[in-house]
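Architecture and fold: a report
Next come the chains, spelled out residue by residue.
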Amino acid sequence: MRATHSKKVGTGSNKRLEKLNVHIRNSWRTNLQLIRSIGNMIGYKKSLSEWQCLSEVKMGRGSPIPPMLRRKIVEQYQKGVSQRKIAKSLKLSSSTVHNIIQRFRESGTISVRKGQGRKTILDARDLRALRRHCITYRNATVMEITTWAQEYFQKTLSVNTIHRAIRRCRLKLYRSKKKPYLNMIQKRRRFLWAKAHLKWTVAKWKTVLWSDESKFEVLFGKLGRHVIRTKEDKDNPSCYQRSVQKPASLMVWGCMSACGMGSLHIWKGTINAERYIQVLEQHMLPSRRRLFQGRPCIFQHDNARPHTASITTSWLRRRRIRVLKWPACSPDLSPIENIWRIIKRKMRQRRPKTVEQLEACIRQEWDNIPIPKLEQLVSSVPRRLQTVIKRRGDATQW
């Protein structure tokens, strides 16, 4: 009886010992899986020997085989080892080894095939229709495009989905350039004027004295539309865009040619015909004598009211000044407009806070314009005319 009892006790202890060993092995595998996942998160790369040591741990469903282990499979396959032996030596399933070898046969690579992922709501045909609609209605908002897309495709689409679809169409929302409005008559006159002056050479355009007026404002307080902040800082006073209702400003008249910069006249307020004639007598005539030194030249100005007034035209006729006929609403054809743009860009960088500082900065930047830049701008006039003809009188990129 005692022997039998001791035998039963020994059998029960052995069963408990086996259960304990199974529990230890399971916990060890769980710890190995945890260690491996942590190593993947921190970018730790295991060697082939480490993978062979951890190969007893079962990988999760769909986990990719490491590149070193894939390379080892291909190397043994190229040596003539059977797939079954490879799977047994590396402790992998035969189907896994078969798929890796088959992919190597088909494509010659051992990389992981990219997953298909979820299919997009809009296919290629829908994207082509969306692209045609966006190009036809370029000024439409994203909300309007979304409403149209929901009715046209008969699908539930959000604004974010349409945003992504527009980017997939290689389109993007930009801030449009500001250009003057041109009606059909103005486009026709621009087209005919460009055709009439298309035969002018660059040397001919270098004999033109370009002139124009521009308005400069003190940029104090205008810090731009964009600000770097968090979502919660929208009501922070430092994140506001502050604007002045009537900022201090100056009117500037200037002239230039391919030979150099002319005189600059700055005043406050507006200009009329009598004041414009004084500007021409005090600044235009000396600039013409200094730049052209008695050589014949052509004077250019736009069709502003002080320029086309009867007393202005009669004064130019008495002075025997040849004036270039200019089409209406055509600032893109005049090189001096690019000079104003350059100076205004400098003003935004320097940010003068008073009218006196603004005037000093304008004169300094006006004198710093190099002559090669002037020659480059004047030489671009024939290309501008070609663009006007190509666009049938519409606005150009200059």
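The name an unreviewed UniProt entry assigns to the protein is Transposase, from the organism Cyprinus carpio.

Brief notes about helix α7 (residues 142–153)
Between its first and last C-alpha atoms α7 spans 16 Å; for 12 residues at 1.5 Å apiece the expected length is 16 Å, and the two agree. Taken as a whole, α7 has its buried residues at V142, I145, T146, A149 and F153. Each buried residue of α7 lies within a common arc of 100° when the element is viewed along its axis, so the set occupies one face. In α7, the exposed positions angled more than 90 degrees off the buried face are occupied by M143 and E151. Where α7 is buried, its residues contact α6 (124–136) and α8 (159–168). Remark: Q154 follows α7 within two positions and exhibits a positive phi of approximately 55°.

Quick word on a positive patch on the surface
Residues K177, K179, R341, K344, R345, K346, R348, K390 and R391 make up a contiguous surface patch of positive charge. Looking at the positive patch element by element, the count peaks at 5 residues for helix α14 (residues 336–350). Tracing the backbone shows K390 in helix α17 (residues 381–390). Residue K390 is classed as exposed on the basis of its relative accessible area, which comes to 74%.

Some points on the packing of aromatic side chains
What the rule picks out here adds up to 10 aromatic pairs. Both rings, one in W148 and one in Y152, keep their centres 4.9 Å apart while their planes meet at 15°; by these two values the pair is stacked. Within this pair, W148 and its partner Y152 are both found in helix α7, separated by 4 residues, close to a single helical turn. With relative accessibility at 21%, the residue W148 sits in the partly exposed group. Relative accessible area serves as the criterion here: at 48%, Y152 is assigned to the partly exposed category. Seen from their ring centres, W193 and W326 are 5.2 Å apart, and the 70° between their planes marks the pair as edge-to-face. Here the residue W193 occupies a position in helix α9 (residues 184–196), and W326 occupies one in the loop between α13 (310–318) and α14, the gap between them amounting to 133 residues. The exposure class of W193 is buried, given its relative accessible area of 8%. Among the aromatic side chains, those forming a connected cluster through ring pairs are W193, W200, W205, W210 and W326. The ring of F216 carries the charged tip of K344 above its face, separated from the ring centre by 5.3 Å.

Analysis parameters
Residues numbered from 1 in each chain as written. Predicted model: local features only at pLDDT ≥ 70, side-chain atom pairs only at ≥ 80, totals over all residues. Heavy atoms only, no water. Helix = DSSP H or I, 4+ residues; strand = E, 2+ residues; numbered from the N terminus. Expected span 1.5 Å × (residues − 1). Buried < 20%, exposed > 50% of the residue type's maximum accessible area, 1.4 Å probe, protein only. Arc of directions from axis to C-beta. Contact = heavy atoms within 4.5 Å. Patch = residues over 30% accessible without salt bridge, like charges linked within 9 Å, V, L, I, M, F, W, Y side chains within 5 Å. Areas by Shrake-Rupley, 256 points an atom, 1.4 Å probe, with all protein chains shown as cover. Salt bridge = Lys/Arg side-chain N within 4 Å of Asp/Glu carboxyl O. Lys, Arg positive; Asp, Glu negative; His and termini not counted. Charge placed at Lys NZ, Arg CZ, Asp CG, Glu CD. Phe/Tyr/Trp six-rings, centres within 6.5 Å; stacked < 30°, edge-to-face > 60°. Lys NZ or Arg CZ within 6 Å of the ring centre and 35° of its normal.

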